[in-house]
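# Structural description and commentary
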Amino acid sequence: MEIQDKIIVVTGAASGIGAALAKRFADGGAKAVVCADITEDALQKVASNVGGTAIVCNVGKESDIINLIDTVEKDIGPIDLFCSNAGIGAPGGAEAPDDVWQNIWEINVMSHIWAARHLVPKMLDRGGGYLLNTASAAGLLSQIGSAPYAVTKHAAVSFAEWLALTHGRQGLGVSVLCPQGVATAMTAGLKDSVVAMNGMLEPEVVADACVEAIAKKEFLVLPHPEVGDYLKAKANNYDRWIGGMQKLQERFDH
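Numbers given to residues run from 1 along each chain, matching the order in which its sequence is written. Restriction of local features to residues with pLDDT of at least 70 applies here, the model being predicted, together with a cutoff of 80 or more for giving and counting side-chain atom pairs; totals for whole chains, interfaces and linings are based on all residues. Side-chain calculation: all heavy atoms of the structure are included, whereas hydrogens and water are not.

A few words on the sheet that holds strand β2 (residues 32–37). DSSP-based pairing: two strands are paired if at least 2 bridges between them are found. Counting from the N terminus, the helices are the DSSP runs of H or I reaching at least four residues and the strands are the DSSP runs of E reaching at least two. Read from one edge of the open sheet, 7 strands run β3-β2-β1-β4-β5-β6-β7, paired in parallel fashion. If you trace the sheet from one side to the other, it starts and ends with β3 (53–56) and β7 (220–221), each paired once. Direction of pairing for β2 relative to β3: parallel, over a ladder of 4 bridges. Bridged to Asp 37 within β3 is Val 56.

Shown next, in the form of structure tokens:
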């Protein structure tokens, strides 16, 4: 799908990848760019810079996502591309408190489900549309030091797969973004961690990779090409891959 003359919504647009996506879409000739986030002041600044519309939205609440979709469709027009980009991290393993698990589950997984629940039927009724869901390389591999992040990002990838295989022949395009380290507020101070093992990319580079993948209707968006190699190695010999990840755990376990 080409982005020119399209109505596009980006969640998590106040900073990082979301802000870069909003600018890239605006520069690419989108008809309208709707920026959504929970951080109002920063959101308004990004929307103003790209000539877009700002809508405050907490993606951890289904009612906010319904309001976002309904407001755009009523006041601006039918959404062509919805970028479910907002996400959070959380450290720890199984011992992480239930409220931490619940919060990251709602933001990293349910936000994608709620958006699809309320938008995909509209898109299919009018012949199609496109979803770009932000996950992570952790959703294809894993995440040293964070079970909540690894688990929710795996679920995000799985849901994107389900959408693509279920509705792909009905006109719905789906791409899932799976980068490693990106220089955002979430990764601040992590330049010496496993997150930055293959280098920190600037959000603008990631946004360019997304636009290219959407134009080609590619499912996986891998700004770090190494991720594709790791995924092949994982599939080829799971036990060997687990062993390698155990060594990586030991390397960064300090």
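Alright, that's what it looks like, and here's the rest.
Another point: the nonpolar core. In this structure, Leu 68, Val 72, Ile 79, Phe 82 and Leu 131 are the most contacted members of the largest nonpolar core, which totals 43 residues. At the level of secondary structure, the elements contributing two or more residues to this core comprise β1 (7–11), β2, α3 (62–75), α4 (98–125), α5 (147–167), β6 (172–177) and α8 (238–252). Of the residues forming this core, the biggest block, 8 residues, is contributed by α4. In this analysis, two residues are considered to be in contact whenever any of their non-hydrogen atoms come within 4.5 Å of each other. Leaving out residues up to four positions away in the same chain, Phe 82 has contacts with Val 9, Thr 11, Leu 68, Ile 69, Ala 115, Leu 119, Met 123, Tyr 130, Leu 131 and Leu 132. The definition of a nonpolar core used throughout is a set of buried Ala, Val, Leu, Ile, Met, Phe, Trp, Tyr and Cys residues joined through side-chain atoms within 4.5 Å. Here the term buried applies to any residue with accessible area under 20% of the maximum for its type, exposed to any over 50%, and partly exposed to those in between, with areas from a 1.4 Å probe on protein chains only. Membership of the second largest hydrophobic core comes to 33 residues, among which are Val 10, Ala 13, Val 33 and Cys 83.

Here Leu 81 shows up in strand β4 (residues 81–84). When residues no more than four places from it in sequence are discounted, the contact partners of Leu 81 are Met 1, Ile 7, Ile 8, Val 9, Phe 25, Met 123, Tyr 130, Leu 131, Leu 132 and Ile 214.

Attention now moves to the pairing of β4. Here β4 shows no split at all, with Leu 81 and Cys 83 on one side and Phe 82 and Ser 84 on the other all buried. Judged from the 3 bridges that link them, β1 and β4 form a sheet pairing that is parallel. Bridging from a neighbouring strand, Val 9 pairs with Phe 82 of β4. By the bridge criterion, 4 bridges tie β4 to strand β5 (residues 129–134) in an arrangement that is parallel. Each bridged residue has a counterpart across the sheet, and for Ser 84 the counterpart in β5 is Asn 133. This β-α-β element, β4 to α4 to β5, shows right-handed connectivity. Note on handedness: a clockwise path from strand one over the helix to strand two, with the strands aimed away from the viewer, defines a right-handed crossover.

Once that is clear, we can look at the packing of aromatic side chains. Only Phe, Tyr and Trp rings take part, Trp by its six-membered ring, and two of them pair if their centres are within 6.5 Å. Stacked means planes under 30 degrees apart, edge-to-face means over 60, and tilted covers everything else. Under the criterion given, the structure shown has 2 aromatic pairs. An angle of 10° between the planes, with centres 6.1 Å apart, marks the rings of Phe 159 and Trp 162 as stacked. Of the two residues, Phe 159 and Trp 162 are both situated in helix α5; the distance of 3 residues between them amounts to about one turn of the helix. The class of Trp 162 is partly exposed, set by a relative accessible area of 43%. Think of it as a cone above the ring: NZ of Lys or CZ of Arg counts as a charge over the ring if it is within 6 Å of the ring centre and within 35 degrees of the ring normal. Above the plane of the ring of Trp 241 lies Lys 234, whose end atom (NZ or CZ) is 4.7 Å from the centre.

Right, let's get into the layout of surface pockets. Lining residues are defined by having an atom within 4 Å of a point belonging to a cavity or pocket. Those points lie on a 1 Å grid over the protein atoms alone, cavities being sets where a 1.4 Å probe fits but cannot get out and pockets being open sets with protein on both sides within 12 Å along at least five of seven lines. Grid points are joined across faces, edges and corners, and a volume is the space filled by probe spheres set on the points. The volume enclosed by the second largest pocket comes to roughly 240 Å³. Every residue lining the second largest pocket is counted, 14 residues in all, and those nearest its centre are Met 1, Gly 129, Tyr 130, Gly 171 and Gly 173. Contributions of two or more residues to the lining of the second largest pocket are made by β5 and β6. In terms of residue count, β6 provides more of the lining of the second largest pocket than any other element does, 3 residues in total. Just so you know the grouping, Ala, Val, Leu, Ile, Met, Phe, Trp, Tyr, Cys and Pro go in nonpolar, Asp, Glu, Lys and Arg go in charged, and all remaining residues, Gly too, go in polar. Classifying every residue of the lining of the second largest pocket gives 6 nonpolar, 4 polar and 4 charged.

All quantities given are derived from atomic positions and should not be read as evidence of function.
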